Every structure is written in C-alpha cells, then in structure tokens.
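Close look at the chain arrangement
Here's the letter readout for the chains.
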Amino acid sequence: MPASSTGGRGAVPALFSGHGQGQGGWDEGQALPEGRGVPDEGKGLPEGRGVPEKGQELFEKRATPDEGREPAERRGVPDEERLGRAALTRLVEPGDETVGRWLRRMGPVALWRALTGKGKPPPGATGERLAGCALRAAGVDPVADLALIARCGGRFICPGDLDWPGQLDDLGDARPVGLWVRGRADLRIWALRSVAVVGARACSDYGAHVAASLGTGLAERGWVVVSGAAHGVDGAAHRGALAVGGATIAVLASGVDVPYPRAHAELIERIAEQGLVLAELPPGAHPTRPRFVLRNRVIAALTRGTVVVEAQYRSGSLVTARRAQQLGRSTMGVPGPVTSGLSAGVHELLRGEAVLVSDAAEVAELIGGIGDLAPERRGPLVERDLLDPVTARVLEALSARGGNHLRDVARGSGTGCDEALGRLHELLALGFVERHGDRWELVPPVCRSDGARRGDPPNRGNRVKGLGR
C-alpha cells in the first residue's frame, strides 16, 4: 500500500491508509492477505487492544509530520488503537452495550475489521447490522477526524490515556468508545471534583435563578459544574460558573464543533475557552433525540453527584438522576411550587432516594469531604428569645388590652407578687412594658419585618445592650 499523509496523526497504521483514504475510507473491496483476519475469540487478547499476532505488519507505523499529535504526557494507547476507536465513533452509536461487549473481547482494530467485512463477524451480529456498518464505513476517515479536532484545538482521548476519567468505566459495556474534547484542562483531574446541574429546558424564572446561583456557588467553592449546554437550566448553570471565573464542562449530544442549540454557539465557545467541551460523537456529527438520552449517562457517570432543578415527569433530567442513582452517585433535587408541573418530576425524585438541597453549600456538604458543612439554618433571633423562662412567663401573662394589675400578672405567670414585680421592672428596663400608676401595659409594637412578635420592644434605644450575654 502506498503511504498516505495524515495531516494530523504522528503514526498511521496501514489499516487506515490506502488508495481509498482520499475518499474518506479504505477500499471495501480490498481483501486482507490470507491469515491476517480477526483472530479466534479463544486466543485471549488483552482487554482494550485486540491487535492480532498474525498480520502485525498491517499496523506498522509510518513516519509522518507531528502536527496534531497528542502531547506525550497524554498519550496512553498505541496509535492503531486510537485510530480504531476514532473510527468506531463514526461507525456505531453511543452507549451500545452489544458493541461494548465486542470491543472488550476483541479490541477496537479487530472489531473495526469484523464490522466492516474484513474479518470474522462478531458473535451475534446480524447480516442487516453488518450491512449498515459497511455503508457507514465507506465514509469513515479517522485520520481526517483527528486532524480536524487538532485544528479545533482539541483532542481525542481513549480508555488508557492519562487524562481518561476512570469513573466512566463504571458504565461497564456502555462506556464511551472514546471522547472528543475541546479545551486545555485535564479532564480526569476536573472530573474528580465535579457535580452535574441539570433540569428543564423550558424552565421558569425561578429555575433559571436557582441554577445560576448553584453554578456560581459551586464554582466559588472549587467545584466543576457539568451540564449539557441546553436551553434553560443547563445554560443558566454554565453561565453562573463562567460569571465568577469558575470551571465548567459541557457534554454535547453532537460533535464538539457543532454547537447545539445554535443559539448557544457563543456560550459553548466560551466554555471551550474557559473550560471543556466534550462529546462521544466525532466532529461534524449532529444530535438526534436518542443521542440526548444516551448523553445523559456520561453526565451521570462523570460527576460525583447530580442536582435536578425543575423537571416534569417526562424529562431527560430525571434519566440523568436515575442513572446517577444506579451508579452509586449522590442524587439531589431542588424543590419548587407544588402547583407547578415543572416541580412534579423533582418532587417525585425527592420522594425516593434523592436528597433535598436548596443551595450550593448543601450540595457541597453532601458530596464534599469532611469539613464541607453547610451553615446551620435558623429562624431570626428576636429579643424575647433571650429572656429567661420566668421573665418570659411574666411577659406572656400581660394582656395586650392593658390595665394589668400586679396580682393578675402574678396569677397568670404562676409566680408570687414580689417575684412578678421584680420581673416587671426588668421588662420595663428592657423596653418591653410601661408602668402607668399601679397598672402595667405592653409597649405598642411597631411594624417590623425581622420576625418580631407581639410583646417585643420597639426600637427606642432603651434596651439593655448586654441582654445577649
């Protein structure tokens, strides 16, 4: 075979270089040399590799320019495997567990051959499926895809790379074949301290406000905010994190160079500059309805917990939350009005295994480490709360209609007259009561919004400053 220029990879296996490369793939009619097919399943290939011992010369590397190569510290798998996985992202749909089992047993290069008629078909593969794969394979050019993602300032990472997030392996056979990534940050490191904020696309002003507040608060606490860059809650969470210079990751259901929704093109570009944009689908791929649902499993697995802000009963956000529960991740929900349909799905989630949260501090307390405690929540403290029990009883014994005689106050508070008189003088000094001859009256309350109740003294400057001591 003649050598072909990659324009983007430093080493191209002969499997993906040939006279058909210029048309976006290798010649479907070209037969492999005898004995160079897919090895028998019983040979025990190492997991994640699958390069057959026979025909090894098909994978000899060619000297090509270094443009577009992964940095040395990020390369963790051979080039032939990277190309095989890149090709498979165009050949198969994300989250296909059958493909995942084949990939685990055969490796990416052998699986590519098997699905495209260059070797023994995978076990259980139907003729219809193989025919569909053959049609897709005609337009697959992984070398060009890798060169394109490099020109976009991105990269393609695989299981085994140093920046591959290990928590994605919890998905088992539904694990991504690989991830196309834009952005300079190390995905593995960022994912270690990340939380997903998801919710309704057609959210209310309340939902947008809560999502933005969560994004801001989590980013300020050093958490990476992960979402899907969609309208509504997703976009608000991303913007909240970006507004304070925080870290955020957008997981797309399209290629990383295809902003969706298009109205969020500028937002997604900002995320790529300040954070990370990633996708399972190769450059140029467009979203479909099933791909949105399958994308949610990546969000759930990538993060330490998922917060749902507004969701109806039928919502992709609930799919994310339930997948997070299955994976053993923390699942949280922000409550809303019981009269709103946008709250129904969240409230149903909260009736199950999800935990109610209201702000970023409570989220961090649930998924953070020791010491990440939310502040204690208490109602407003008013002056009468600081009175000792006997004095408080004397105060409660005073009638708001005035004209309280000492004997009546003593009877009502269950104290003696001398005790009641002493407490009344204390209340007088604190500004709670007034004395008119031999009668005691409550000081008329003023209109206040700080939680003060009947009998609290007005702000007249005659309170004892040391009451709280």
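Report on the accompanying structure. (Residues numbered from 1 in each chain as written. Predicted model: local features only at pLDDT ≥ 70, side-chain atom pairs only at ≥ 80, totals over all residues. Heavy atoms only, no water.)

As for the sheet that holds strand β11 (residues 433-436)
Strand order in the open sheet formed by 3 strands is β10-β12-β11, with antiparallel pairing between adjacent strands. Each edge of the open sheet carries a strand with a single partner, namely β10 (404-405) and β11. The sheet contact formed by β11 and strand β12 (residues 439-442) spans 4 bridges and is antiparallel. Bridge pairing in β12 places H436 opposite R439. With respect to the sheet, helix α16 (residues 417-430) is in contact with β11 and β12, its orientation differing from that of β11 by roughly 115°. (Pairing = 2+ DSSP bridges. Helix = DSSP H or I, 4+ residues; strand = E, 2+ residues; numbered from the N terminus. Contact = heavy atoms within 4.5 Å. Axes fitted to C-alpha atoms, helices over the stretch in contact; angles between N-to-C directions.)

Considerations on the nonpolar core
By size, the foremost hydrophobic cluster in this structure holds 35 residues, and its most contacted members are L168, L179, L187, I249 and L278. It is helix α10 (residues 289-302) that contributes the most residues to this core, 5 residues altogether. With residues near it in sequence (within four places) discarded, L278 still touches L179, W180, V181, L187, I249, A250, V251, L252, V256, V298 and L302. In this structure, A211, W223, A236 and M332 belong to the second largest nonpolar core, which totals 22 residues. (Core = buried A, V, L, I, M, F, W, Y, C linked by side-chain atoms within 4.5 Å. Buried < 20%, exposed > 50% of the residue type's maximum accessible area, 1.4 Å probe, protein only.)

Quick word on unusual backbone geometry
A cis amide bond links Y260 to the next residue, P261, at an omega of 0°. The backbone of A229 shows a phi angle near 65°, a positive value even though the residue is not glycine. Counting through the fold element by element, A229 comes out in the loop between β4 (224-227) and α8 (233-243). A relative accessible area of 0% places A229 in the buried class.

Quick word on the pattern of salt bridges
Inspection of every chain in the model, using the stated rule, returns 16 salt bridges. One salt bridge in this structure joins E81 and R85, with 3.1 Å as the shortest N-O distance. Remark: R85 and E81 occur in helix α1 (residues 79-91); sequence separation between them is 4 residues, near one turn of the helix. A salt bridge links D388 to R423; its shortest N-O distance comes to 3.0 Å. One end of the pair, D388, is in the loop between α13 (360-367) and α14 (389-397); the other, R423, is in helix α16, and 35 residues separate them in sequence. By sharing partners, the salt bridges in this structure join D388, E419, R423 and E426 into a single network. (Salt bridge = Lys/Arg side-chain N within 4 Å of Asp/Glu carboxyl O.)

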